[in-house]
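# Commentary on secondary and tertiary structure
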Amino acid sequence: MQPSVKIFTGNSNPALAGKIAKCYGNGLGKLQIQKFSDGEFQPVYMESIRGDYVFLVQSTNAPADNLMELLLMIDAAKRASAGYITAVIPYFGFARQDRKDKPRVAIASKLVANLLTSAGANRVITMDLHAPQIQGFFDIPVDHLDSSAIFIPYIENLKLENLTFASPDVGSTNRVREVAAYFNAEMVICDKHRKRANEIASMVVIGDVTDKDIVLIDDIIDTAGTLTKAANLLMEKGAKSVRAFCTHPVLSGKAYENIENSVLKELVVCDTMPLQRECSKIKVITVAELFAVAIRNMYENKSITSLFVHSQRRGM
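Here is a short report on the structure shown in this document. (Residues numbered from 1 in each chain as written. Predicted model: local features only at pLDDT ≥ 70, side-chain atom pairs only at ≥ 80, totals over all residues. Heavy atoms only, no water.)

## Notes on the nonpolar core
Nonpolar side chains in soluble globular proteins tend to end up buried together. The biggest cluster of nonpolar side chains holds 45 residues, and the ones touching the most others in it are Leu-145, Phe-165 and Ile-295. The greatest single-element share of this core, amounting to eight residues, is contributed by helix H8 (residues 288-299). Ignoring sequence-local partners within four residues, the contact set of Ile-295 consists of Val-5, Ile-7, Ile-20, Tyr-24, Phe-55, Val-88 and Ile-125. Counting 32 residues, the second-largest nonpolar core is a separate cluster that includes Leu-31, Ala-113, Leu-116 and Ile-140. (Core = buried A, V, L, I, M, F, W, Y, C linked by side-chain atoms within 4.5 Å. Buried < 20%, exposed > 50% of the residue type's maximum accessible area, 1.4 Å probe, protein only. Helix = DSSP H or I, 4+ residues; strand = E, 2+ residues; numbered from the N terminus. Contact = heavy atoms within 4.5 Å.)

## Some thoughts on unusual backbone geometry
Along the chain, Ala-62 connects to Pro-63 via a cis peptide bond; the corresponding omega equals 5°. Looking at the element boundaries, Pro-63 is found in the loop between strand S4 (53-57) and helix H2 (65-79). Non-glycine residue Asp-211 carries a positive phi angle of around 60°.

## What to know about the pattern of salt bridges
Between side chains of opposite charge, pairing is possible as soon as their charged atoms come close. One pass over the full model with this rule turns up 14 salt bridges. Measuring nitrogen to oxygen at the nearest pair gives 3.9 Å for the salt bridge that ties Asp-75 to Lys-78. Of the two residues, Asp-75 and Lys-78 are both situated in helix H2; the distance of three residues between them amounts to about one turn of the helix. By relative accessible area, Lys-78 is classed as partly exposed at 38%. Arg-123 is paired through a salt bridge with Asp-143; the nearest N and O atoms lie 3.0 Å apart. Taken as a pair, Arg-123 in strand S6 (residues 123-127) and Asp-143 in strand S7 (residues 142-145) lie far apart in primary sequence, 20 residues in all. Under the relative-accessibility criterion, Arg-123 is labelled buried at 18%. Residue classification places Asp-143 among the buried positions, given a relative accessible area of 12%. Linked through salt bridges whose partners overlap, the residues forming this network are Lys-6, Glu-47 and Asp-52. (Salt bridge = Lys/Arg side-chain N within 4 Å of Asp/Glu carboxyl O.)

Next up, the structure:
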């Protein structure tokens, strides 16, 4: 008998998990996360998953309870004899700690990869890792989805006359270059220098933005300091308009105030994690269908290459 697909969620983003399950054609599986008075918790599957393909939808954004929930969900599924366990992680937390960039620091993304594997995950499906090489930290298959599959159609519908793409920092240039190549458009770079984490000392624009409609692209927007400073600088340099597309809306600290007070026409983000509050400039696009298709193709042993439109070229 063919194993069933069962999709479960923790507490990090149940709204997205529900959308993914609906797009797939299933309801969410029955899972309770029981809590003790001291804050300890215990996931309990309320239905049999023996031999099934189990997909656990859980972003690992702060607090760390979200990561711990996912690890316990994986362990419980393994001990319940699930046939194949896939951790569906729309936002992979701790990804900014992907290398030893100063003495005596942890490489947290490698540690998280080890924890997921040790817990019993057979595969990971995620989106827009902060550093693509994090896939190499895993000894299990990783399907790395790209948000450009949903951002590109949105940008096309804007029909901007003088479209130019911008990278808010040097680290995002490869990501931006791929999208710019799809549109056969120019790109510029905002080169920043930090005093310390989340604090920018200076920034310069490399390239001409005069009378251009600028689209900034990045994977994470945290305090929004870099992005809003880049947007303001681009407008000072003569840009006609500035929009931003960021996959993961971490939005901590004064992020919402920074966005509201910026020159950005709009900030388009994905629902890889829930917004903490509404903002007139923020538009959310769901990634549910993208993940649902990835889950179906994985279950049916089909390629997911068709989900990566960024590598195509318009008119080819």
